[in-house]
Amino acid sequence: QVQLVESGGGLVQEGGSLRLSCAASGGSFRLTDMSWYHRGPDQERREVARIKLGGETIYEGSVEGRFTISRDDAKKMVYLQMNHLRPEDMGTYYCKVHVWELLNERYADYWGQGTLVTVSS
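In this report, the structure presented in the accompanying data block is examined.

About the cut-offs
Residues numbered from 1 in each chain as written. Predicted model: local features only at pLDDT ≥ 70, side-chain atom pairs only at ≥ 80, totals over all residues. Heavy atoms only, no water. Helix = DSSP H or I, 4+ residues; strand = E, 2+ residues; numbered from the N terminus. Rg over C-alpha atoms; globule rule 2.2 N^0.38 Å. Buried < 20%, exposed > 50% of the residue type's maximum accessible area, 1.4 Å probe, protein only. Contact = heavy atoms within 4.5 Å. Areas by Shrake-Rupley, 256 points an atom, 1.4 Å probe, with all protein chains shown as cover. Lys, Arg positive; Asp, Glu negative; His and termini not counted. Charge placed at Lys NZ, Arg CZ, Asp CG, Glu CD. Salt bridge = Lys/Arg side-chain N within 4 Å of Asp/Glu carboxyl O. Disulfide = S-S within 2.5 Å. Pairing = 2+ DSSP bridges. Axes fitted to C-alpha atoms, helices over the stretch in contact; angles between N-to-C directions. Phe/Tyr/Trp six-rings, centres within 6.5 Å; stacked < 30°, edge-to-face > 60°. Lys NZ or Arg CZ within 6 Å of the ring centre and 35° of its normal.

Turning to the overall build of the chain, a few remarks are in order. Helices and strands together make up the secondary structure of the chain, namely zero helices and 11 strands. Each helix and strand of the chain, ordered N terminal to C terminal, gives the series β-β-β-β-β-β-β-β-β-β-β. Radius of gyration (C-alpha) of the chain: 14 Å, near the 14 Å computed for a compact globule of 121 residues. For the chain, the spread of C-alpha atoms along the three principal axes comes to 50 × 25 × 25 Å. Taken across its 121 residues, the chain has 41% of its residues classed as buried. Partitioning the contacts of the chain with sequence separation of at least 6, the portion at a separation of at least 24 is 56%. Total accessible area on the chain is roughly 6,300 Å²; 47% of this is exposed by carbon and sulfur atoms. Across the chain, the mean location of the 14 positive side-chain charges is 3 Å away from that of the 16 negative side-chain charges.

This is the structure in structure tokens:
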């Protein structure tokens, strides 16, 4: 019952910046932890950033200091600000949310469709 819509991907020069957005909608739910994953050439999804319900953030080592994850619970949004982009950052970025579904009285994970980031050198 939860849908995620991602946006913000595109073509950017090496050293440039992009801001990814993910909007959650579609039901009666409460957002808990939210994450961004990266899928590169090896096709493996790796978590690069996570923000917990209380606001604590965790970053993968290669993006720490360059990426910033944030959330707006009133808008049911999660963002990923990406600065100083490198060619290794190229690939598809997915948002994942862990929610409590009020009507179903259960926890569930939902994934976005992904947004493609291309970095030109």
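Next, the rest of the story.
Here the focus is the pattern of salt bridges. Tallying each qualifying case throughout the model produces eight salt bridges. Note that R46 and D42 form a salt bridge whose closest N and O atoms lie 2.5 Å from each other. Its relative accessible area of 44% is what places D42 among the partly exposed residues. When the shortest N-O distance is used, the salt bridge between R66 and D89 registers 2.8 Å.

The next thing to look at is the state of the cysteines. If you walk through the whole model with that rule in mind, you get one disulfide. The residue that forms a disulfide with C22 is C95, at a sulfur-sulfur distance of 2.0 Å. Measuring handedness by torsion sign, the sulfur bridge of C22 and C95 sits at about 45° and is right-handed. With C22 in strand β3 (residues 18-25) and C95 in strand β9 (residues 91-101), this pair connects stretches of sequence that are 73 residues apart.

Glancing now at the sheet that holds strand β8 (residues 77-82). Spatially, four strands are ordered β1-β3-β8-β7 in an open sheet, and the strand pairing comes out antiparallel. Strands at the two margins of the open sheet, each flanked by one partner only, are β1 (3-7) and β7 (67-72). Here the average twist between neighbouring strands, direction ignored, is 15°.

Moving on to the environment of G91. As for its placement among the helices and strands, G91 is situated in strand β9. For the pair formed by G91 and G65, sequence separation is 26 residues and the distance between their alpha carbons is 19 Å.

Looking now at the packing of aromatic side chains. The relation between two aromatic rings is expressed through the spacing of the ring centres and the mutual angle of the planes. Applying the stated criterion across every chain, the model contains two aromatic pairs. Relative to W111, the ring of Y37 has its centre 4.8 Å away and its plane inclined at 55°; by these criteria the two rings are tilted. A residue pair is termed long-range when its members are at least 10 positions apart, and Y37 in strand β4 (residues 29-39) and W111 in strand β10 (residues 106-111) qualify at 74 residues. The class for W111 is partly exposed, based on a relative accessible area of 35%. One cation-aromatic arrangement involves R19 over Y79; the distance from NZ or CZ to the ring centre is 4.0 Å. Over the aromatic face of Y94 sits the side chain of R45, whose NZ or CZ is 3.7 Å from the ring centroid.

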